[in-house]
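This is what each chain is made of:
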Amino acid sequence: MLFRSDHLKRGILIQSLRSGYQTIQGNREVFLIGGVALNQNPEVVREIQLSAVAYNDDGKELERQTIWVGNTISPKIIRGMTTEDIPHLQNLKPLKSFEIPPGDSIPFTIVFLKSAKSAREFTCEVLMAEGAI
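Below: a short report on this structure. Within each chain, residues carry numbers counting from 1 in the order of the written sequence. Side-chain atom pairs in this predicted model are given and counted only at pLDDT of 80 or more, local residue features only at pLDDT of at least 70, and totals for whole chains, interfaces and linings cover all residues. Note that the side-chain values use all heavy atoms of the structure and ignore hydrogens as well as water.

Quick look at the pattern of salt bridges
The rule for a salt bridge is simple: a side-chain nitrogen of Lys or Arg has to be within 4 Å of a carboxyl oxygen of Asp or Glu. Scanning the entire structure with this criterion turns up 4 salt bridges. Between arginine 46 and glutamate 99 there is a salt bridge, with its nearest N and O atoms 2.8 Å apart. With arginine 46 in strand β3 (residues 45–55) and glutamate 99 in the loop between α3 (85–90) and β5 (105–112), the pair connects residues that are 53 residues apart, well separated along the chain. Think of it in three bands: residues with accessible area under 20% of the maximum for their type are buried, residues over 50% are exposed, and the middle band is partly exposed, with areas taken using a 1.4 Å probe on protein chains only. For arginine 46, a relative accessible area of 28% puts it in the partly exposed group. You can call glutamate 99 partly exposed: its relative accessible area is 38%. Between glutamate 61 and arginine 64 there is a salt bridge, with its nearest N and O atoms 2.8 Å apart. On the basis of relative accessible area, arginine 64 is assigned to the partly exposed category, the value being 44%. The helix count covers DSSP runs of H or I at least four residues long, the strand count covers runs of E at least two residues long, and both are numbered beginning at the N terminus.

Right under this line is the structure:
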């Protein structure tokens, strides 16, 4: 099973990465990373977990976030949320019916709550991908 997960993980391509700042409820600014996860595997993928890290000007890690691709978080939804709501939503796994067929892609958004003002660089990687069991 571990080999299969590792193989599927390598078949997920992260594209169109972008970052920015956004104001949420309470007039609080957060740092966002958005992009698209493309399934290049020859089979359906049902779960993808991503990790992202924000760094300051000196390359020091400021904050690390892990999300499940396929949850409903988006920049539009984030505007109306509070700092208490966002971590709960980022930790949600997608619905059991969620799937990404071969060649399809899905957008994702990662929110950083602590490093909004000092984030200058970021990384994003696929931690895990699972297919149908």
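Quick look at the sheet that holds strand β2 (residues 28–39)
Spatially, 3 strands are ordered β1-β2-β5 in an open sheet, and the strand pairing comes out antiparallel. Looking at strand neighbours, the two that pair on one side only are β1 (12–24) and β5, the edges of this open sheet. Recorded for the sheet is a direction-independent mean angle of 20° between the axes of neighbouring strands. Pairing between strands is defined by DSSP: at least two bridges between them are needed. In this structure, β2 lies alongside β5, joined through 8 bridges in antiparallel fashion. Note on β5: the bridge partner recorded for glycine 34 is threonine 109. Helix axes are fitted only over the stretch in contact, all axes being lines through C-alpha atoms; the angle between N-to-C directions runs from 0 to 180 degrees.

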